[in-house]
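# Coordinates in review
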Amino acid sequence: MNRILIGAQWGDEGKGKIIDLLARKSDIIVRYQGGNNAGHTVKFDDEKFVLHLIPSGILHPGKICVIGNGAVIDPQAFFEEVRVLAAKGVSVKGRLFVSETAHLLFPYHKLMDQLREESFGRRSGMIGTTKKGIGPCYADKMARVGLRVGDLKNPAFFKVRLAQVLAERNEILKKIYRHPGLSFSEIWRQVESYRRELLKFSADTPRYLFEASRKGRSILFEGAQGTMLDVDHGTYPYVTSSNASVGGAITGSGVSPTLIDHVIGVVKAYTTRVGEGPFPSQFPERLMKVIQTKGEEFGSTTGRPRRCGWFDAVIARHAVRINGLDEMAVMKLDVLSGLKEIKIATAYKIGGKLCENYPAAIEEFSKAKPVYETHPGWDEDLSGIRRWKQLPANARRYLKRLETLLATRIKIVSVGSKRAQTIFL
Ligand code: GDP
Ligand code: IMO
Ligand code: MG
């Protein structure tokens, strides 16, 4: 069985925890888009792991992990993650493969990301990126001036192309950003330092995945970010630069859609977003602080506080449609305990008009005022609950209402960050 797991909000839904649970019944786990802008948390046995670029399935001994062609690889971040895993006793040897057509991320990508954000500033269109260089790296890929993992096999070509691209980049740095530019010899020295090591991981991953699937091995696709951060289907321009929705799994791995059996969406029982961009159901200040603290809503990659709000059924319905979700996992229900009332945004009012569907134009979306329905809350601590029937009646009603609003079955309810704190339906 080949399954795709997708974030159905603005990222950080709790994908890492669910991947870790589903990895048990999968043979191969594939990251297919994004880079080390992602931060996927897995907790067990009093250990906490945050995976950025390497699939979360790596924590299960013996599972094969693949970083597909659609991901972008910062080699320094990659090897740092390998080192952190090794220090915690997790070996990647012989079971981690990187696509030879995945693009490499260079220091000038990170620098351009930072400088552009700083120059735009909060008032005029900064995105609030993770400053990991993701946007500039994907831009180079599309402009056909990127360098790929497999290019490391041919240092002569690599060197010429790198020099060409850096010369152009340095002109932009000097003329637009008044930055002295980056040294070619320093970047080349870095490339030389990781070239052979990285090539040891490189493989023809589309062929590997095709053949593995033919042999009946099951593949789990680990989405990063979330549908509302998808460059096509999200809140553009306040998005990431890859396809975080279901299509990204296909192009980003080279696996045909005919081989996919199931698509699972992950949502939080409320909504969060990091970085800039409209967020209609955002909480007022006081409630924001309460949920931020209780839900430990601080970025796994940048440590920034995440903005928090009520569950937004309009964007979640958009995610159900775009991804063709077969089922959902609802995370962090425990965080909502103790609230007198819980709201769900079921539609928006935009310029006085009722709007039940996500409007693609950012000008419209930024004017959206949520239309809420209000549900009674519950006081019980949910963190020890393991069965549907033990959940407070109001919590069950809330979940049932989400199912109806999204017309999708909930198959997993999460009531804590640990593996065991999970209710399977
Ligand atoms: P991802 O990017 O989608 O993998 O999510 P992150 O790891 O960035 O953020 C999710 C956070 O919520 C992590 O700190 C998890 O440990 C935590 N978490 C996951 N599920 C639950 C849950 O059901 N309850 C609580 N309280 N925390 C959870
Ligand atoms: P995971 O996989 C939440 C957000 C950034 C910013 C926008 C663009 O952990 O869910 P980028 O650096 O990608 O150019 O930033 O996207 N963002 C995420 N938000 N979770 C993530 O990943 C994110 N990856 C990027 O905050 O708003
Ligand atoms: Mg995250």
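These numbers come from a predicted model, not from an experiment.

### A word on the packing of aromatic side chains
Inspection of the entire model under this criterion finds 16 aromatic pairs. Ring plane angle 90° and centroid distance 4.8 Å describe the contact between Phe 283 and Trp 310, whose orientation is recorded as edge-to-face. Pair noted here: Phe 283 is in the loop between β12 (271-273) and α9 (285-294) and Trp 310 is in the loop between β13 (307-309) and β14 (311-312), with a separation of 27 residues, a long-range link. On the basis of relative accessibility, which here comes to 4%, the residue Phe 283 falls in the buried class. With relative accessibility at 8%, the residue Trp 310 sits in the buried group. Taken together, the aromatic side chains of Trp 10, Phe 279, Tyr 348, Tyr 358 and Phe 365 make up a single cluster linked through ring pairs. The lysine or arginine in question, Arg 419, covers the ring of Phe 44, its NZ or CZ lying 3.7 Å from the ring centre.

### Topic: the coordination of the magnesium ion (ligand 3)
The protein atoms donating to the magnesium ion (ligand 3) are Asp 12 (OD) and Gly 39 (O), with metal-donor distances spanning 2.0 to 2.2 Å. Linking Asp 12 in the loop between β1 (3-7) and α1 (15-23) with Gly 39 in the loop between β2 (28-31) and β3 (40-44), this pair joins segments that are 27 residues apart in sequence.

### Some words on the packing of helix α3 (residues 107-120) against helix α5 (residues 155-177)
The contact between α3 and α5 brings their axes to 11 Å, and the two run at 20°. One element, α3, and the other, α5, form an angle in the roughly parallel class. Of the two elements, α3 crosses α5, and the hand of that crossing is left-handed. Residue-level contacts link Tyr 108, Leu 111, Met 112, Leu 115, Arg 116 and Ser 119 of α3 to Leu 162, Val 165, Leu 166, Arg 169, Ile 172, Leu 173 and Tyr 177 of α5. Tallied by class, the residues present in the contact of α3 with α5 amount to 10 nonpolar, one polar and two charged.

### Concerning the pattern of salt bridges
A side chain of one charge can pair with a side chain of the opposite charge if their charged atoms are brought near each other. Applying the stated criterion across every chain, the model contains 23 salt bridges. The residue Glu 168 makes a salt bridge to Arg 169 at a minimum N-O spacing of 2.9 Å. Here Lys 268 and Glu 297 are joined by a salt bridge, their closest N and O atoms 3.0 Å apart. Here the residue Lys 268 occupies a position in strand β11 (residues 262-268), and Glu 297 occupies one in the loop between α9 and β13, the gap between them amounting to 29 residues.

Parameters at a glance
Residues numbered from 1 in each chain as written. Chains lettered and ligands numbered in written order. Predicted model: local features only at pLDDT ≥ 70, side-chain atom pairs only at ≥ 80, totals over all residues. Heavy atoms only, no water. Phe/Tyr/Trp six-rings, centres within 6.5 Å; stacked < 30°, edge-to-face > 60°. Helix = DSSP H or I, 4+ residues; strand = E, 2+ residues; numbered from the N terminus. Buried < 20%, exposed > 50% of the residue type's maximum accessible area, 1.4 Å probe, protein only. Lys NZ or Arg CZ within 6 Å of the ring centre and 35° of its normal. Donors = N, O, S within 2.8 Å, 3.2 Å for Na, K, Ca; no water. Axes fitted to C-alpha atoms, helices over the stretch in contact; angles between N-to-C directions. Parallel < 35°, antiparallel > 145°, perpendicular 65-115°, else oblique. Left-handed = near helix turned anticlockwise from the far one by under 90°. Contact = heavy atoms within 4.5 Å. Nonpolar A, V, L, I, M, F, W, Y, C, P; charged D, E, K, R; others polar. Salt bridge = Lys/Arg side-chain N within 4 Å of Asp/Glu carboxyl O.

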